[in-house]
Amino acid sequence: MVTDPLALQVTAELFPNGISRYAVGGLLVGLGTVLIYIGTGIPAGASTFLESTLSYVSDQSRFQRYVGSRDWRVVFTLGIILGGLAFAATVQSGLVTSSLYEPGTTGQLYEVAGVTLWMTEVQPWRLFLGGILVGIGTRIGKGCTSGHGVCGVGSASKTSLVGVVTFLTVAIGTAQVVAALGVSP
Amino acid sequence: MSDDRHPLFKPLIFVGGIVFGFGLGFSHMARPEVVLNFLQFDDLGLPFVMFGAAIVSGIAFALLPRIRDAAPLTGDRYERRLKPFDRNVLVGGAIFGVGWGLSGICPGAAYASLGVGNVTILWALAGMFLGAYAQGYWRSRSQARDTAVTGAD
């Protein structure tokens, strides 16, 4: 079979790190969601943890509605953190290698006790200010990239599809403006 | 939904979280730079993560209600994730979008990012809790005001 050089070139430009790490990672994210759904019937999103955890320390009525789910949401989040660490200790550290994984060159790698860890170079003010807006927006907008983007879209929910299109469009615009202003990283 | 849940309830949530977080690490969504690269059209990989995950969960959401009535660990019925649409979805989505576009970080990916060693992400997590608290404070107040008004009728 003759491969089309134009198609290859376009792929290399649009996907400089290949597609497989994204596709495999996405399948695993979906699998984690499915495991929880099969056992519990819960389509779990990641952002309610912010409000449900605040119910431990705040009496505001808005947070108290999440008292019933706050414990398992802490467990879910601890699992996500540990999953990230498991990835760092295996694939990121080079202990497990796969042709499906493209390492990439962003940020900084450093080592602690034989585990290769990774740190961002995106400036703290961007993370902090962005975090505040994400915290406000995800709770007012009823979901985040996992709640709307994975569980909601997976449910073919019109609300979630509108939510995803909204935040994706605005995020692209914002990132373009921020980059055009010369903010980097 | 109470304390008499199945003893495997939390362990299963934990394992699901680990697989979820590992996937976020593997896909590099735990790296804000990679998300920002997508939003700036330098690397279009991100939709493969979000829609790949949505397809996998979508298959389960469609099939399970036909196989079983209720989930074994909770007795809850298998239902899709459907939320009512109102203006908040657009307003909140837009605010979320500005934050996501500025920082390259969203809640699930931020937790996983801490796991891959990105201690700088604590700035984003602190911001998220602050933002979630601010809207919760404000909405608790406006809700209390609304009930006070309707109660006076």
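As a starting point, this report considers the structure included with it. Because the structure is predicted, anything quoted here is derived from the model rather than measured. (Residues numbered from 1 in each chain as written. Chains lettered and ligands numbered in written order. Predicted model: local features only at pLDDT ≥ 70, side-chain atom pairs only at ≥ 80, totals over all residues. Heavy atoms only, no water.)

## What about the packing of aromatic side chains?
Here's step 1: Scanning the model with the defined rule gives 17 aromatic pairs over all chains in all.
Here's step 2: Consider the rings of tyrosine 101 of chain A and phenylalanine 26 of chain B, whose centres lie 5.1 Å apart with planes at 55 degrees: the pair is tilted. Placement of tyrosine 101 of chain A in the loop between helix H5 (70-92) and strand S1 (108-112) and of phenylalanine 26 of chain B in helix H1 (residues 9-26) is noted, with the two residues assigned to different chains. The two residues tyrosine 101 of chain A and phenylalanine 26 of chain B agree in class, both being buried.
Here's step 3: Pairwise contacts between aromatic rings join Phe87 and Tyr101 of chain A together with Phe22 and Phe26 of chain B into one cluster. (Phe/Tyr/Trp six-rings, centres within 6.5 Å; stacked < 30°, edge-to-face > 60°. Helix = DSSP H or I, 4+ residues; strand = E, 2+ residues; numbered from the N terminus. Buried < 20%, exposed > 50% of the residue type's maximum accessible area, 1.4 Å probe, protein only.)

## Looking at the pairing of strand S2 (residues 115-119) of chain A
Residues and elements named next belong to chain A.
Here's step 1: Both S1 and S2 contribute to a ladder of 5 bridges, which runs antiparallel. Its bridge partner being in S2, leucine 109 is matched across the sheet by tryptophan 118.
Here's step 2: Hairpin connection of S1 to S2: 2 residues between the antiparallel strands, including alanine 113 at a positive phi of 50 degrees. (Pairing = 2+ DSSP bridges.)

## A closer look at the pattern of salt bridges
Here's step 1: Scanning the entire structure with this criterion turns up 3 salt bridges over all chains.
Here's step 2: Between arginine 62 of chain A and glutamate 51 of chain A there is a salt bridge, with its nearest N and O atoms 2.8 Å apart. Taken as a pair, arginine 62 of chain A in helix H4 (residues 61-64) and glutamate 51 of chain A in helix H3 (residues 48-54) lie far apart in primary sequence, 11 residues in all. Side by side, arginine 62 of chain A and glutamate 51 of chain A carry an identical accessibility label, which is buried.
Here's step 3: A salt bridge links aspartate 86 of chain B to lysine 142 of chain A; the nearest nitrogen and oxygen atoms lie 2.8 Å apart. Of this pair, aspartate 86 of chain B sits in the loop between helix H3 (46-67) and helix H4 (87-103) while lysine 142 of chain A sits in the loop between helix H6 (124-140) and helix H7 (147-154), each in a different chain.
Here's step 4: On the basis of relative accessible area, aspartate 86 of chain B is assigned to the partly exposed category, the value being 29%.
Here's step 5: Judged by its relative accessible area of 14%, lysine 142 of chain A is buried. (Salt bridge = Lys/Arg side-chain N within 4 Å of Asp/Glu carboxyl O.)

## Structural notes on H5 of chain A
Here's step 1: The first and last C-alpha atoms of H5 of chain A sit 31 Å apart over 23 residues, in line with the 33 Å expected at 1.5 Å per residue.
Here's step 2: Directly after H5 of chain A, the chain includes glycine 94 of chain A, whose backbone phi takes a positive value near 85 degrees. (Expected span 1.5 Å × (residues − 1).)

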